[in-house]
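# Topology and contacts: notes
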Amino acid sequence: MGTGGLVLLILLALLVWFWQNTLRAREIALRTARDVCQKQQLQLLDGTVTLHRVALRRSQRGRVSLQRTFQFAYSLHGDDRQTGFIITLGGLVEQVGL
């Protein structure tokens, strides 16, 4: 295998890792959105979260991690659509906003 093939293989592995890692973070954000909406007696509209932003940031331990911002729609009465957000850093929820 030549150098070009090795670089392509490494890029493919990084892409698969990023995809899997984003899916895990999305599941954490979705679970958090459901919990927050239930506790606040809100309706989670569409039953999903969407990835809005990805950035590199240092964790409290000084380690560089991916910070992801997910958005979700919620409603108090079903006719007033509002947008909330969840920020994850690595595998932890960092902030929730309604």
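Heads up: the structure comes first, above all this text.
This section reports on the structure supplied with the text. (Residues numbered from 1 in each chain as written. Predicted model: local features only at pLDDT ≥ 70, side-chain atom pairs only at ≥ 80, totals over all residues. Heavy atoms only, no water.)

Per the secondary structure count, the chain includes one helix and four strands. Whereas a compact globule of 98 residues would reach a radius of gyration of roughly 13 Å, the chain reaches 17 Å, over 25% beyond that. Reported as C-alpha extents along the three principal axes, the dimensions of the chain are approximately 60 × 30 × 15 Å. Buried residues in the chain amount to 31% of all 98 residues. Working note: accessible area of the chain is about 7000 Å², and carbon and sulfur atoms make up 56% of it. Taken as two groups, the 12 positive and 6 negative side-chain charges of the chain have centres that lie 15 Å from each other. (Helix = DSSP H or I, 4+ residues; strand = E, 2+ residues; numbered from the N terminus. Rg over C-alpha atoms; globule rule 2.2 N^0.38 Å. Buried < 20%, exposed > 50% of the residue type's maximum accessible area, 1.4 Å probe, protein only. Areas by Shrake-Rupley, 256 points an atom, 1.4 Å probe, with all protein chains shown as cover. Lys, Arg positive; Asp, Glu negative; His and termini not counted. Charge placed at Lys NZ, Arg CZ, Asp CG, Glu CD.)

This paragraph deals with the environment of Q43. Here Q43 lies in strand β1 (residues 43-58). For Q43, a relative accessible area of 37% gives the class partly exposed. Sequence-wise, Q43 and A73 are 30 residues apart; in three dimensions their C-alpha atoms are separated by 8.6 Å. Aside from chain neighbours lying at most four places away, what touches Q43 is C37, A73, Y74, S75, L76, H77 and G78. (Contact = heavy atoms within 4.5 Å.)

Here helix α1 (residues 3-39) contains 37 residues, and its C-alpha end-to-end distance of 54 Å stays within 8% of the 54 Å for a straight helix at 1.5 Å per residue. At its buried positions, α1 is contacted by β1, β2 (64-75), β3 (82-89) and β4 (92-97). In the stretch just after α1, Q41 is the one whose phi turns positive, near 55 degrees. (Expected span 1.5 Å × (residues − 1).)

Before going further, it helps to examine the side chain of T88. Residue placement: T88 occurs in strand β3. Contacts of T88, omitting those with residues within four sequence positions, involve A25, L66, Q67, R68, F70, V93 and E94.

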